[in-house]
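This is what each chain is made of:
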Amino acid sequence: DYMFGDNILPEKRLAAQRASLAGIQHGFDAFPPRPRSDQAIRLRATTSSDQPIQAVEVFYTLDGSVPIPGNCASLAFQAVGVDWEAVDWKYITRWEAVLPPPADGVLIRYRIGGRLGGGGWVFADNQSDNPAQATNFALWVNDLPAPAWVRTAQVYHVFIDRFNPGSGRTWNKPERLDGFFGGTIRGVEEELAYIQDLGYNTIWLSPFFVSPSHHGYDAGDMYQVEPRLGTNEDLYRLIDAAHQRGMRMILDFVANHWSNLHPSLQAARADRSSEFYDWYLWKKWPDEYEGFFGVKQMPKLNLVLGSPARQHLLDCARFWLEKGVDGYRLDFAYGPPLDFWIDFRRACKETRPDCWLFGEVIHSAPAQRVFAPAFD
């Protein structure tokens, strides 16, 4: 059963453990993960003895700009201990640095580098020797607690296409399980009382965006409801009806990838000079690009810091919160860069402070902890 990914295989777990100790690593190890304005921030890193790293520094900015070594603030790490790693038969040095308490609302961006004996640098966590390609980390300083309503949330998941076609409509009879069965958003609205009577006060909707699939995890337009399921007005009415009952509405949001039928990909494949070319991770233009688990029908988005696709998704997240949704369940959250989710959190919380953000991270507990700065 690969529902939980390659972690089911011992050799994959071993490979992941070894990779987590190679070279210089940070792994978003910051405490507290969601700092307040009165808290200093402790950063941790490790280096392995198979690489001659003599010193470690953090390069950071406090205005949200890209941290460029030599053109931003920096702080030296201190070595605080050495451990023997029996699996790889090498020493691991532990390092720490403490950033002073920043002001409330500050967005800290940082990169961590290790100075090699020969004078060069290597950067955590991707081991790049080029500062411009170093892994970006970020922390957003704010005093927002987790939404109080989440503590009593009882969540009911609705797979729209399979839930209820609605009054006056009958179920379709597709020949395949991945066909369209005919559930609609109006069908969900008609059953709000049923869901509430079961004891649930929060609904998690499956993706409803324009999509060629029954599941909807491959959107073709992040601003429009799939016509098979209804209209944007149907969705707004569902949200209002749920709120009138004192219920909350959570949307399934996919940031890592979408459909190969998305107009932006079509434009980028037709013209390499298109404004949408940089939205994707090309192997060989125009037909080869990175996909979700290699699936060509689900192209992966280029969400590096400063990319236009990144901004597009942040704008989409704001849009639906402004329409009244109460939060997001974030699909395949370990796909996009970690610092993307810091920007996502800030965009969402500035739009609606009490929204609930939680992600799908099918990994070990330590790997899940990495996402603490971003999710509630």
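One structure accompanies this document, and this report is about it. (Residues numbered from 1 in each chain as written. Predicted model: local features only at pLDDT ≥ 70, side-chain atom pairs only at ≥ 80, totals over all residues. Heavy atoms only, no water.)

### Section: the nonpolar core
Phase 1: Counting 88 residues, the largest nonpolar core has Tyr110, Leu205, Phe208, Phe253, Tyr328, Trp341 and Phe344 as its most contacted members.
Phase 2: Per-element accounting of this core gives the leading share, seven residues, to helix 6 (residues 308-322).
Phase 3: Ranked by size, the runner-up nonpolar core spans seven residues in total, among them Trp149, Trp204, Ile250 and Phe358. (Core = buried A, V, L, I, M, F, W, Y, C linked by side-chain atoms within 4.5 Å. Buried < 20%, exposed > 50% of the residue type's maximum accessible area, 1.4 Å probe, protein only. Helix = DSSP H or I, 4+ residues; strand = E, 2+ residues; numbered from the N terminus.)

### Concerning the environment of Asp83
Phase 1: Inspection of the secondary structure puts Asp83 in strand 6 (residues 78-85).
Phase 2: Under the relative-accessibility criterion, Asp83 is labelled partly exposed at 34%.
Phase 3: The spacing of Asp83 and Phe123 is 40 residues in sequence and 21 Å in space, taken between C-alpha atoms.
Phase 4: If sequence neighbours within four positions are ignored, Asp83 has contacts with Lys90, Tyr91, Ile92 and Arg94. (Contact = heavy atoms within 4.5 Å.)

### Points about the packing of aromatic side chains
Phase 1: Going through the model one piece at a time under the given rule, you end up with 34 aromatic pairs.
Phase 2: Taken together, a centroid distance of 5.1 Å and an interplanar angle of 75° make the contact between Trp84 and Trp89 edge-to-face.
Phase 3: Clustering of aromatic rings is evident, with ring pairs tying together Phe253, Tyr328, Phe340, Trp341, Phe344, Phe371 and Phe375.
Phase 4: Taking the ring centre of Phe159 as reference, the NZ or CZ of Arg162 above it sits at 5.4 Å.
Phase 5: The ring of Phe180 carries Arg228 above its face, with NZ or CZ at 3.7 Å from the centroid. (Phe/Tyr/Trp six-rings, centres within 6.5 Å; stacked < 30°, edge-to-face > 60°. Lys NZ or Arg CZ within 6 Å of the ring centre and 35° of its normal.)

### With respect to the pairing of strand 6
Phase 1: Bridge count between strand 6 and strand 7 (residues 90-99): seven bridges; the pairing is antiparallel. Bridging from a neighbouring strand, Trp84 pairs with Tyr91 of strand 7.
Phase 2: Hairpin connection from strand 6 to strand 7: four residues lie between these consecutive antiparallel strands, with Trp89 at a positive phi of about 60°. (Pairing = 2+ DSSP bridges.)

### Details of the state of the cysteines
Phase 1: For the structure shown, the criterion picks out zero disulfides.
Phase 2: Here Cys316 stays unpaired: no disulfide links it, and the sulfur of Cys348, its closest cysteine neighbor, is 11 Å away.
Phase 3: A disulfide-free cysteine, Cys355 has its sulfur positioned 5.0 Å from the sulfur of Cys348, the nearest such atom. (Disulfide = S-S within 2.5 Å.)

### Describing the sheet that holds strand 15 (residues 248-254)
Phase 1: Spatial ordering of the open sheet is given by 11-12-15-20-21, a layout of five strands whose pairing is parallel. On the outer flanks of this sheet lie strand 11 (155-158) and strand 21 (356-359), each paired with one strand and no other. Going across the sheet, the axis of each strand differs from the next one's by a mean of 25°, ignoring polarity. (Axes fitted to C-alpha atoms, helices over the stretch in contact; angles between N-to-C directions.)

### Notes on the packing of helix 6 against helix 7 (residues 338-351)
Phase 1: The interhelical angle for the contact between helix 6 and helix 7, taken along N-to-C directions, is 30°, at an axis separation of 9 Å. One way to sum up the angle between helix 6 and helix 7 is to call them roughly parallel. Read as a crossing pair, helix 6 and helix 7 show a hand that is right-handed. Of the residues in helix 7, those touching helix 6 at Arg310, Leu313, Leu314, Ala317, Arg318, Leu321 and Glu322 are Asp339, Phe340, Asp343, Phe344, Ala347, Cys348 and Thr351.
Phase 2: Class assignment of the residues belonging to the contact of helix 6 with helix 7 gives a composition of eight nonpolar, one polar and five charged. (Parallel < 35°, antiparallel > 145°, perpendicular 65-115°, else oblique. Left-handed = near helix turned anticlockwise from the far one by under 90°. Nonpolar A, V, L, I, M, F, W, Y, C, P; charged D, E, K, R; others polar.)

Distances and angles like these do not, on their own, reveal function.
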